[in-house]
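# Structural description and commentary
Spelled out from the first residue to the last, the chains are:
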Amino acid sequence: MALQKKIDDAELALLEIIEDPIWLSEFLRSTDNGDMNKNNWPADEFSHRPYQKEILTDQNKHIVITGGRSIGKCQPANSKIYTANGFKTISSLLHLDGKAFLTYAYDIKGEWKQRRAVITKDKWAKVSKFQTNSGYAVECTYNHPILTPNGFVVAGDLKIGDLIGVANNLPTNHCNNDSFSWFELRLMGYDSLNGIRLKGYMGIKPRFSKIAEELKFIADNTFLVIREDNGIFNLERIKTGQTRHYLMQLRRETGTFGKRERRIANLEYLKTEKLDNIKVFLEAAFAQYGKHSLNHVSIEIFNEKYANDFRELLLYFGVNTKLTPLNKRREEKHNYKFDDTLWLLETLDPENAYRFWATFKLPGVQVSSPKIDLVEPAANIRWEPIVKRTERNYNLQTYALHVYTDETYTSDYIVVHNSVIVEDLLTYQILNNDIYRDWE
């Protein structure tokens, strides 16, 4: 086709605008009739809205924007949300009835920020479960965005082997309480995985002489005396006045000991204690019940929730672990009624073992290496591959979580988004065109 004529300056300016997505958006928004005469344009200096620029220039396959309810981004009631009181299931937060609670958002700078969040009941829907190689698993609907190295991607597009973002440490801004003494925390740590039960209370068999020394020191500073029998330290109350058994009272106050001598496996009472207090407890537990080497630290814990509580507390210090079921039960004889199936909690790799030793000093255990001094602080997130994906063949009641300002949150250690992918929103609006027309 022969050239008819050269384009003039006005037409050239129009082409330049059309080729620039931001200028085109502003041009169409600011000039109702597309007038090329700048004298007819609004007097205000040109400025685009930040979200317009982000949507038009983002090179990721999917773009996340805020969306309303009933368009995806939902999770079932058993999903755990990281809050300012540790991980809580959605079902345990429903009593708030739409009132806000504090959660942690992963912001654009890669930092953890406390934000308000609310949970609302949503639709019945099918959910998928994604499991990583260290045992993390999250359940969500097809449209729920999950963080990947390429930005947020809807769950339905993820495949086995794809990398997703998991917490490499957990923020601890909420760890401010100082409600337990050193003696109480140490005693609870030594008792945390105990299987010895004598005459209605617990005896402890010290693993190392250093632990025996500490138990005597604890007894001297609490309302307890120790009666030793075949290496077992039987902790008895001082039989004067109305003094209760100190260990029994501690268990009841912390919610780890219920009615009819029923043990309750949880560490909820520790999740808002200051980090130094948590360290005192974990040092005692791992010294008495763990297996130790320079490159590897592990511990067997009964009850899956209890094991996850230990895992959560370790991640407060940037120590990453792997959790696997052992398909066996505890060998000790006991009269408690709880899930006593064993789970193996172990450091993820030598680097995390070094971080463990750089953080904790276990009584009776000595490990030294120049590598420990070279451990760097853990980054906020890391990437783990998906090793398993399963889908339920029935619908579940799901719930939408909305985080103010930053639209991200951490569910079961995995960074997710509570908004929607832009093409999903457009599809929803097209399919529900009658609703939107009625609104106009």
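Structure report, in brief. (Residues numbered from 1 in each chain as written. Predicted model: local features only at pLDDT ≥ 70, side-chain atom pairs only at ≥ 80, totals over all residues. Heavy atoms only, no water.)

So, on to the packing of helix H5 (residues 182-191) against helix H7 (residues 246-254). The geometry of H5 relative to H7 is characterised by a closest axis approach of 11 Å and an angle of 90° between their N-to-C directions. Here H5 lies roughly perpendicular to H7, going by the angle between them. For the pair H5 and H7, the contacting residues are Glu184, Leu187, Met188 and Asp191 in the first and Tyr246, Leu247, Leu250, Arg251 and Thr254 in the second. Residue composition of the contact of H5 with H7, grouped by class: five nonpolar, one polar and three charged. (Axes fitted to C-alpha atoms, helices over the stretch in contact; angles between N-to-C directions. Helix = DSSP H or I, 4+ residues; strand = E, 2+ residues; numbered from the N terminus. Parallel < 35°, antiparallel > 145°, perpendicular 65-115°, else oblique. Contact = heavy atoms within 4.5 Å. Nonpolar A, V, L, I, M, F, W, Y, C, P; charged D, E, K, R; others polar.)

On to helix H8 (residues 275-289), then. Compared with an ideal rise of 1.5 Å per residue, which puts 15 residues at 21 Å, H8 spans 21 Å between its outermost C-alpha atoms and is within 8% of the ideal. Most of H8 is tucked away: eleven of the 15 residues are buried. For H8, every residue scored as buried is listed here: Asn277, Ile278, Val280, Phe281, Leu282, Glu283, Ala284, Ala285, Phe286, Ala287 and Gln288. (Expected span 1.5 Å × (residues − 1). Buried < 20%, exposed > 50% of the residue type's maximum accessible area, 1.4 Å probe, protein only.)

Moving on: the environment of Thr390. Structurally, Thr390 is set in strand S20 (residues 381-391). Thr390 gets classed as partly exposed once you look at its relative accessible area, which sits at 34%. Considering only alpha carbons, one finds Thr390 and Phe130, 260 residues apart in sequence, at a separation of 6.9 Å. Once you skip the residues sitting within four places of it in the chain, Thr390 turns out to touch Val127, Ser128 and Lys129.

Right, let's talk about the packing of H8 against helix H9 (residues 304-315) for a bit. One way to put it is that H8 packs onto H9 with a least axis distance of 11 Å and a crossing angle of 125°. By the angle between their directions, the pair H8 and H9 is classed as oblique. Crossing angle aside, the handedness with which H8 passes H9 is left-handed. When H8 is examined against H9, the residues Ile278, Phe281, Leu282, Ala285 and Phe286 are found in contact with a partner set consisting of Phe310, Leu313 and Leu314. (Left-handed = near helix turned anticlockwise from the far one by under 90°.)

Okay, the pairing of strand S6 (residues 112-125) next. Within a regular strand, the side chains alternate between the two sheet faces. Where strand S5 (residues 101-106) meets S6, six bridges bridge the pair, whose relative direction is antiparallel. Along S6, the bridge assignment pairs Tyr106 with Trp112. In textbook terms, the turn of a hairpin is the stretch between consecutive antiparallel strands, and for S5 and S6 this stretch comprises five residues, one of which, Gly110, has a positive phi near 80°. The sheet contact formed by S6 and strand S21 (residues 396-403) spans seven bridges and is antiparallel. Opposite Trp124, over in S21, you have Gln397 as the bridge partner. (Pairing = 2+ DSSP bridges.)

Turning our eyes to something else, we now look at H9. Relative to the 16 Å expected for twelve residues at 1.5 Å per residue, H9 spans 17 Å between its end C-alpha atoms, a close match to the ideal helical length. Counted residue by residue, H9 has ten buried out of twelve residues, so it is predominantly covered. Where H9 is concerned, the buried positions are Tyr306, Ala307, Asn308, Asp309, Phe310, Arg311, Glu312, Leu313, Leu314 and Leu315. N-cap assignment for H9: the residue whose side-chain oxygen lies 2.9 Å from the backbone N of Lys305 is Asn303. (Polar contact = N/O pair within 3.5 Å; in protein donor to acceptor, adjacent residues only side chain to side chain.)

Its identity is not glycine, yet Asn230 carries a phi of approximately 55°, on the positive side. Structurally, Asn230 is set in the loop between strand S14 (224-229) and strand S15 (232-237). Overall, the relative accessible area of 72% leaves Asn230 in the exposed class. One non-glycine residue, Tyr413, adopts positive backbone phi at about 75°. Topologically, Tyr413 is positioned in the loop between strand S22 (408-411) and strand S23 (414-417). Under the relative-accessibility criterion, Tyr413 is labelled buried at 3%.

This next bit is on the environment of Glu376. With respect to the helices and strands, Glu376 occurs in the loop between helix H10 (350-359) and S20. A relative accessible area of 62% means that Glu376 is categorised as exposed. As for Glu376 and Glu351, which are separated by 25 residues in sequence, their C-alpha atoms are 9.4 Å apart.

Scanning all chains against the criterion turns up 19 salt bridges. The partner of Glu139 in a salt bridge is Arg392, and the shortest N-O contact between them spans 2.8 Å. Of the two residues, Glu139 sits in strand S8 (residues 137-140) while Arg392 sits in the loop between S20 and S21, which places them 253 residues apart along the sequence. Judged by its relative accessible area of 28%, Arg392 falls in the partly exposed class. Ionic pairing is found between Arg355 and Glu351, a salt bridge with its closest N-O pair at 3.5 Å. With a gap of four residues between them, Arg355 and Glu351 both fall in helix H10, about one helical turn apart. For Arg355, a relative accessible area of 6% corresponds to the buried category. Ionic contacts of the salt-bridge type, sharing partners, join the residues Lys88, Glu268, Lys271, Lys305, Asp309 and Glu312 into one network. (Salt bridge = Lys/Arg side-chain N within 4 Å of Asp/Glu carboxyl O.)

Honestly, that's just the spatial picture; any functional story needs more than this.
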